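Structural features, examined
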Amino acid sequence: MAMTMTQKILAAHSGLDEVRAGQLVLADIDLVLGNDITSPVAINEFAKLGRDSVFDRDKVTMIMDHFAPNKDIKAAEQCRQCRDFCADMGITHFYDVGEMGIEHALVPEKGLVSAGQLVIGADSHTCTYGALGAFSTGVGSTDMAFGMATGKAWFKVPSAIKFNLRGELRKYVSGKDVILSIIGMTGVDGALYKSMEFSGAGLSALTVSDRLCIANMAIEAGAKNGIFAVDEAALGYIRTHGGAEPVVYEAAPDADYDEVYDIDLTDIEPTVAFPHLPDNARTFADIGNIRIDQAVIGSCTNGRLEDLEAAAEILRGRKIAKGVRTIVIPATQQVYLDAMERGLLKIFIEAGAVVSTPTCGPCLGGHMGILAAGERAVATTNRNFVGRMGHPTSEVYLASPATAAASAVTGRITSPWEVMDA
Amino acid sequence: MKLRGNVIKYGDNVDTDVIIPARYLNTSDHKELAAHCMEDLDKTFVSRVRPGDIIAAGQNFGCGSSREHAPIAIKASGISLVIAKSFARIFYRNAINIGLPIVECPEAAEAAAEGDELEADLDSGVIRDITTGQEFRTEPFPEFIQNIIKSGGLLGTIHNS
């Protein structure tokens, strides 16, 4: 049986020699993740089981990121419920304000995930860790509760779509442009229930940060997971961050794929997803004069140091257009500190942006930059659904950090190529 | 298990942000969530939904966030069943895990009109549109998932095992 990367990981974690697409398995999990929105529901369910411990206190992590620092009294109560539960259970990896970051940036940074592992998280963007060769997928709170109690999760083994990458990205083009153009091709349900497997010679031209961004948005194509072939860059990242010993699974050369896309990275241009679906992707030949009220640079998709560097390169020595509220959100405390030491925060502030503590905040319309009726934002976030960042008549345009920064400078959705004369 | 109710009809890609907007995720109270169900898509839903009503929708129902608050809000609104052309995968497993009946049946989801009276027999997989007399057949769930449903949700399987 010629298995894909994902199928090999699922088989290994289910105690099976092989699995087939469509098969239902009960698999062992290496990490269970929850945040301040999804964990309270899981904790309530877990309580009904009457257990006084989780399956492994080192393999459960809760990260207070969505409405933290607490945006209101109810959010404060939810964070307290998580805090109390983690204290009662002796959870090792509980991250609160001061230590926390946006979960999908924090988990790889803290070395909590490694190649070959199986991770579930009660957050849809848990698929991010596929960048490091793990099988990781978003689940619900009941799955989280079941996982905390038993160390297991049920899966229907997915088939896969292969993305064969070649070439190199052009200047000011990044992983965000790659994934937005891919979702533009597949549609928001083009990979429904499936794995998106990324490999090919072009992999070496993508940084780990680019890969984390691409895997992060696999869910926006409906995928169960996104996963990258593991190379030296991925292994280097895992080692640097103190992750567990990696186990590298390679797809069988004759593995069966539902579809294969050949993508030349050199062809990718700065790409923007128009409201109200992430597959509504356009390149600048089809983007007119779209004025913006806000720019958001951050999130689990694009809040890493490399993203802030890309934005800073464009904002250095420039001023943000009057009337564009620009909010920069480093994804973790470490990213914040690194950005400070490299002088990026000074560039943002001098350009007229604000810099926030790590939080998911505006990405899901929580806090720290909610839109009024009819307002438009360009954002490096991952969803542009109706009402996602505020009022139901507001609009979100998804883009890369470079495009968001260029747009902040001109006050309209703008290619970094235009601002940087590239 | 037989379910009977009137259809409330929606289109493709009904996402979890419109099913329950994030601004209401600062609570996990089922009734509070139900009070805002579908608010950003259909402001009339909360006032017109009746116990037993059935949602019929297009492709990729429940796409987006993993928030279990979405199927919880729908279930707590009194909806007995969601029929769609297809479901987003996290919503699909969440619905099964919390015991909200869902059926993937493109033909029934397409044919059912707003207000039609529907009857669904989950054991046989037969859906009848009583208003139009049409009948549709779906694949029953695999045994593994039937066991979750019979156990009253995923956590019930722990007690039973």
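Residues numbered from 1 in each chain as written. Chains lettered and ligands numbered in written order. Predicted model: local features only at pLDDT ≥ 70, side-chain atom pairs only at ≥ 80, totals over all residues. Heavy atoms only, no water.

Focus: the overall build of chain B
Per the secondary structure count, chain B includes eight helices and seven strands. By principal-axis analysis of the C-alpha atoms, chain B measures approximately 45 × 45 × 25 Å. The buried share among the 161 residues of chain B stands at 61%. Within the structure as shown, chain B displays about 6300 Å² of accessible surface, and the carbon and sulfur contribution to it stands at 49%. Positive and negative side-chain charges of chain B, numbering 16 and 23 respectively, have mean locations separated by a distance of 3 Å. (Helix = DSSP H or I, 4+ residues; strand = E, 2+ residues; numbered from the N terminus. Buried < 20%, exposed > 50% of the residue type's maximum accessible area, 1.4 Å probe, protein only. Areas by Shrake-Rupley, 256 points an atom, 1.4 Å probe, with all protein chains shown as cover. Lys, Arg positive; Asp, Glu negative; His and termini not counted. Charge placed at Lys NZ, Arg CZ, Asp CG, Glu CD.)

A word on the pairing of strand S10 (residues 225-228) of chain A
Walk down a regular strand and you will see the side chains alternate between the two sheet faces. Of the two faces of S10 of chain A, the one carrying Asn-225 and Ile-227 of chain A and the one carrying Gly-226 and Phe-228 of chain A are both buried. Each parallel crossover has a hand, and the one from strand S9 (residues 195-199) of chain A via helix H7 (residues 208-216) of chain A to S10 of chain A is right-handed. (Right-handed = clockwise from strand over helix to strand, strands pointing away.)

What about the sheet that holds strand S2 (residues 54-57) of chain B?
All names here are of chain B. Ordered in space as S4-S3-S2-S1-S5-S6-S7, the seven strands form an open sheet in which the pairing is mixed. Because the sheet does not close on itself, it has two edges, and the strands there are strand S4 (102-104) and strand S7 (135-137). In this sheet, adjacent strand axes meet at a mean angle of 25 degrees when their direction is disregarded. Inspection of the sheet shows strand S5 (residues 117-121) paired to strand S6 (residues 126-129) by four bridges, in the antiparallel sense. Among the inter-strand pairings, Asp-121 is bridged to a residue of S6, identified as Val-126. (Pairing = 2+ DSSP bridges. Axes fitted to C-alpha atoms, helices over the stretch in contact; angles between N-to-C directions.)

Observations concerning the packing of helix H2 (residues 39-48) of chain A against helix H5 (residues 141-150) of chain A
Residues and elements named next belong to chain A. At a closest axis distance of 8 Å, the pairing of H2 and H5 adopts a crossing angle of 55 degrees. By the angle class used here, H2 and H5 are oblique. In this structure, H2 meets H5 at a crossing whose hand is right-handed. In contact with Ser-39, Val-41, Ala-42, Glu-45 and Phe-46 of H2, H5 contributes Ser-141, Thr-142, Met-144, Ala-145, Met-148 and Ala-149. (Parallel < 35°, antiparallel > 145°, perpendicular 65-115°, else oblique. Left-handed = near helix turned anticlockwise from the far one by under 90°. Contact = heavy atoms within 4.5 Å.)

A closer look at unusual backbone geometry
For the bond running from Ala-68 of chain A to Pro-69 of chain A, omega is -10 degrees, close enough to zero to count as cis. Topologically, Pro-69 of chain A is positioned in the loop between strand S3 (60-63) and helix H3 (73-89). The step from Pro-275 of chain A to His-276 of chain A runs through a cis peptide bond, and the omega angle for that step is 0 degrees. The phi dihedral of Ser-299 of chain A falls on the positive side, at around 85 degrees, and the residue is not glycine. Structurally, Ser-299 of chain A can be placed in helix H9 (residues 299-302). Exposure remark for Ser-299 of chain A: the relative accessible area of 5% places this residue in the buried category. A positive phi angle, close to 55 degrees, is found at Asn-13 of chain B, a residue other than glycine. Considering the arrangement of structural elements, one finds Asn-13 of chain B in the loop between strand S1 (2-9) and helix H1 (16-19). Looking at Asn-13 of chain B, the relative accessible area reads 18%, which means it is buried.

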